Amino acid sequence: MDLGITGKRALVCASSKGLGRGCAMALAEAGVDLVLNARGAEALEATAQEIRDTYGVEVTTVAADIATDEGRARVLEAAGQIDILVNNAGGPPPGFWTEWEREDFIKALDANMLAPIALMKALLPGMIDRGWGRVVNITSASVRSPIAQLGLSNSARAGLTGYVAGTARQVAQHGVTINNLLPGLHATDRATSLAKATADREGITIEEAARNRDAANPTGRIGKAEEFGATCAFMCSQHAGFMVGQNILLDGGAFNSTT
Ligand code: NAP
């Protein structure tokens, strides 16, 4: 399918690895020029070069922490005019509700709620002026069904989801769509570190934790970054102009629900 976005310019945050990288790859395949970001320069440059070599699109990189004002300022300065914004950042660590202090919540809110909101505030006006734009926020399946040990994530993502629900309906008249993409478990470094935390908690090996995790999904596996990226690219496509303020769950059917 031609996604109709060749020549558009996308900022994909936190995209040297994992789901952000999957989104960057799929957008590049659709002919979109990219601004990529992560804190570590090495993996970022490697991903950027692989994308240039594979798809021939223009790729700009900015090594910066997207959760900070200073990092976002540098990313926005390098980004220039952006048609497509994919918001992403690392997720908060797992833990227990008795352990979390105000500072832990502030960190989670900075990375997973306030950073995407600040980037939307900065980039939506240009999209509105040009009459076209796409925003996809990578959130989590925990928005639909809480994951107890990820309470910091549950809280921050809920805040972002509420913001998007209202804002998406205010900008849609300008040809700008905002939607959230909710990953269930996908094979990334994040999934490995969560399996390790489960293994430590339950006194089993990481391999056992991963097997149990896979078996618990209706598909018998976890998701792939490529599948996630393809869904993101569709949400950024010309065909998705009537998709507004939605929370698209990509979890292999793990959330047991009729609707
Ligand atoms: P990942 O494999 O750990 O990749 C994270 C990427 O983001 C890396 O490129 C990392 O590079 C970059 N990054 C992290 N924090 C950053 C920051 N503050 N500023 C800029 N770049 C940053 O994670 P993932 O599995 O792709 O997950 C992406 C998001 O989806 C996370 O918020 C995660 O909680 C959520 N999620 C993932 C899953 C899953 O199964 N994978 C499920 C539900 C939700 P640097 O470290 O070099 O910065």
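In short, a report on the structure. (Residues numbered from 1 in each chain as written. Predicted model: local features only at pLDDT ≥ 70, side-chain atom pairs only at ≥ 80, totals over all residues. Heavy atoms only, no water.)

A look at the packing of helix H6 (residues 189–202) against helix H7 (residues 206–215)
Interhelical geometry of H6 versus H7 gives an angle of 110° and a closest axis separation of 8 Å. As judged from the angle between their axes, H6 and H7 are roughly perpendicular. From H6, Ala191, Ala195, Lys196, Thr198 and Ala199 reach across to H7, where they touch Ile206, Ala209 and Arg213. Its residues assigned to classes, the contact of H6 with H7 comprises five nonpolar, one polar and two charged. (Axes fitted to C-alpha atoms, helices over the stretch in contact; angles between N-to-C directions. Helix = DSSP H or I, 4+ residues; strand = E, 2+ residues; numbered from the N terminus. Parallel < 35°, antiparallel > 145°, perpendicular 65-115°, else oblique. Contact = heavy atoms within 4.5 Å. Nonpolar A, V, L, I, M, F, W, Y, C, P; charged D, E, K, R; others polar.)

A short note on the pairing of strand E1 (residues 9–12)
Judged by which residues are buried, E1 turns out to be covered on both faces: Arg9 and Leu11 on one side and Ala10 and Val12 on the other are all buried. The pairing of E1 with strand E2 (residues 33–38) spans four bridges and is parallel. Paired with Ala10 across the bridge in E2 is Leu34. Traced from E1 through helix H1 (residues 18–29) to E2, the parallel crossover comes out right-handed. Where E1 meets strand E4 (residues 84–87), three bridges bridge the pair, whose relative direction is parallel. Its bridge partner being in E4, Leu11 is matched across the sheet by Leu85. (Buried < 20%, exposed > 50% of the residue type's maximum accessible area, 1.4 Å probe, protein only. Pairing = 2+ DSSP bridges. Right-handed = clockwise from strand over helix to strand, strands pointing away.)

A word on the nonpolar core
Counting 35 residues, the largest nonpolar core has Ile5, Val12, Leu27, Leu34, Leu36, Ile51 and Ile84 as the members making the most contacts within it. Among the elements that line this core, the one with the most residues is H1, at seven residues. Sequence-distant contacts of Leu34, defined by excluding residues within four places in its chain, comprise Ala10, Val12, Ala24, Leu27, Ala28, Ile51, Glu58, Val59 and Thr60. (Core = buried A, V, L, I, M, F, W, Y, C linked by side-chain atoms within 4.5 Å.)

Details of the pairing of E4
For a regular strand, side chains alternate in direction, first toward one face of the sheet and then toward the other. Here E4 shows two buried faces, one formed by Ile84 and Val86 and the other by Leu85 and Asn87. Across four bridges, E4 lies against strand E5 (residues 133–138) in parallel orientation. Across the sheet, Asn87 pairs through a bridge with Asn137, a residue of E5. The handedness of the E4 to E5 crossover, carried by helix H4 (residues 102–130), is right-handed.

Notes on the packing of aromatic side chains
Counted under the stated rule, the structure contains two aromatic pairs. Ring centres of Phe96 and Trp97 lie 5.9 Å apart, and the angle between their planes is 40°; this geometry places the pair in the tilted category. With a relative accessible area of 45%, Phe96 lands in the partly exposed category. On the basis of an interplanar angle of 80° and a centroid distance of 6.4 Å, the ring pair of Trp100 and Phe105 is categorised as edge-to-face. A relative accessible area of 14% means that Trp100 is categorised as buried. The ring of Trp132 has Lys8 lying over it, and the distance from NZ or CZ to the ring centre is 4.1 Å. (Phe/Tyr/Trp six-rings, centres within 6.5 Å; stacked < 30°, edge-to-face > 60°. Lys NZ or Arg CZ within 6 Å of the ring centre and 35° of its normal.)

Some words on the site of the ligand
Around the ligand lies a shell of 28 residues, among which Ser16, Leu19, Ala89, His186 and Thr188 are the nearest. Within the contact set of the ligand, an oxygen atom lies 2.8 Å away from a backbone nitrogen or oxygen of Gly40. Between an oxygen atom of the ligand and a main-chain N or O atom of Asp189, the distance comes to 3.5 Å. Calculation on the ligand without its partners gives an accessible area of 880 Å², and the protein chains cover 89% of this total. Per-class residue counts for the shell around the ligand are nine nonpolar, 13 polar and six charged. (Near = heavy atom within 4 Å. Polar contact = N/O pair within 3.5 Å; in protein donor to acceptor, adjacent residues only side chain to side chain. Areas by Shrake-Rupley, 256 points an atom, 1.4 Å probe, with all protein chains shown as cover.)

Some thoughts on helix H8 (residues 225–235)
What H8 keeps buried is the set Ala225, Phe228, Gly229, Cys232, Ala233 and Met235. With its buried residues spanning 155° around the axis, H8 presents them on a single face. Lining the buried residues of H8 we find H1, E4, E5, strand E6 (176–183) and strand E7 (247–250). (Arc of directions from axis to C-beta.)

Here's the deal with unusual backbone geometry
It is generally the case that most residues other than glycine have a negative phi and that most peptide bonds are trans. The phi dihedral of Ala14 is positive, around 50°, even though this residue is not glycine. Mapping Ala14 onto the fold places it in the loop between E1 and H1.

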